[in-house]
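Geometric and topological summary
Each chain, letter by letter, is given below.
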Amino acid sequence: GERHCLTCDSLRPCRAVPEEEIQAAFAEMAIPVDESFTKEQALACAELARRTPSLGLSLGVRICLTVAGWTGSTALTADRRWSQIAGPELKIKVIR
């Protein structure tokens, strides 16, 4: 059903995927999920917000980018704005 979107930090309702479907997808794809978010990562996330105010990145996006950079993973997105902050330590792939 329609709910406030916690993922994208939006105040408008959106179609949220039920948690059971997300859990099943993680299990099927064998995606490891680390539930910890360190103080250092939180500070890096805050620094990202300070450096990119014109991009209007939500908290969820900043966390995604911080974790991608921290783990050496590539962040996937359909939002071309993200590519403006890609660099040697932050790999971003625009999928559209």
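Quick note: structure is the one above.
Throughout, residues of each chain are indexed from 1 in the direction in which the sequence is written. Since the coordinates come from a predicted model, pLDDT governs what is reported: local features require at least 70, and pairs of side-chain atoms require 80 or more to be given and counted, while whole-chain, interface and lining totals use all residues. Think of the side-chain values as coming from all heavy atoms in the structure, minus any hydrogens and water.

**Overview of the packing of helix 2 (residues 39–51) against helix 3 (residues 59–71)**
- At their nearest, the axes of helix 2 and helix 3 sit 9 Å apart, and the two run at 120 degrees to each other. By the angle class used here, helix 2 and helix 3 are oblique. Handedness of the helix 2/helix 3 crossing: right-handed. From helix 2, E40, Q41, A44, C45, L48 and A49 reach across to helix 3, where they touch L59, R62, I63, L65, T66 and W70. Here the axes come from fitting lines to C-alpha atoms, over the contacting stretch only for helices, and the angles between their N-to-C directions go from 0 to 180 degrees. Secondary structure is summarised from DSSP: a helix means a run of H or I of at least four residues, a strand means a run of E of at least two, and numbering begins at the N terminus for each. The labels follow the angle: roughly parallel below 35 degrees, roughly antiparallel above 145, roughly perpendicular from 65 to 115, and oblique for the rest. Crossing handedness is read from the near helix: turned anticlockwise from the far helix by less than a right angle, it gives a left-handed crossing, and turned clockwise, a right-handed one. Only heavy atoms enter the contact rule, under which two residues are in contact if any of them lie within 4.5 Å.

**Structural notes on the nonpolar core**
- To define a nonpolar core, start from buried Ala, Val, Leu, Ile, Met, Phe, Trp, Tyr and Cys residues and group those joined through side-chain atoms within 4.5 Å. For every residue, the accessible area obtained with a 1.4 Å probe (protein chains only) is divided by the maximum for its type, and the residue is called buried under 20%, exposed over 50%, and partly exposed between those limits. Grouped together as the largest cluster of nonpolar side chains are eleven residues: L48, L55, L57, V61, L65, A68, A75, W82, I85, L90 and I92.
- The greatest single-element share of this core, amounting to three residues, is contributed by helix 3.
- Discounting chain neighbours no more than four positions away, the residues touching L90 are L65, A68, G69 and I85.

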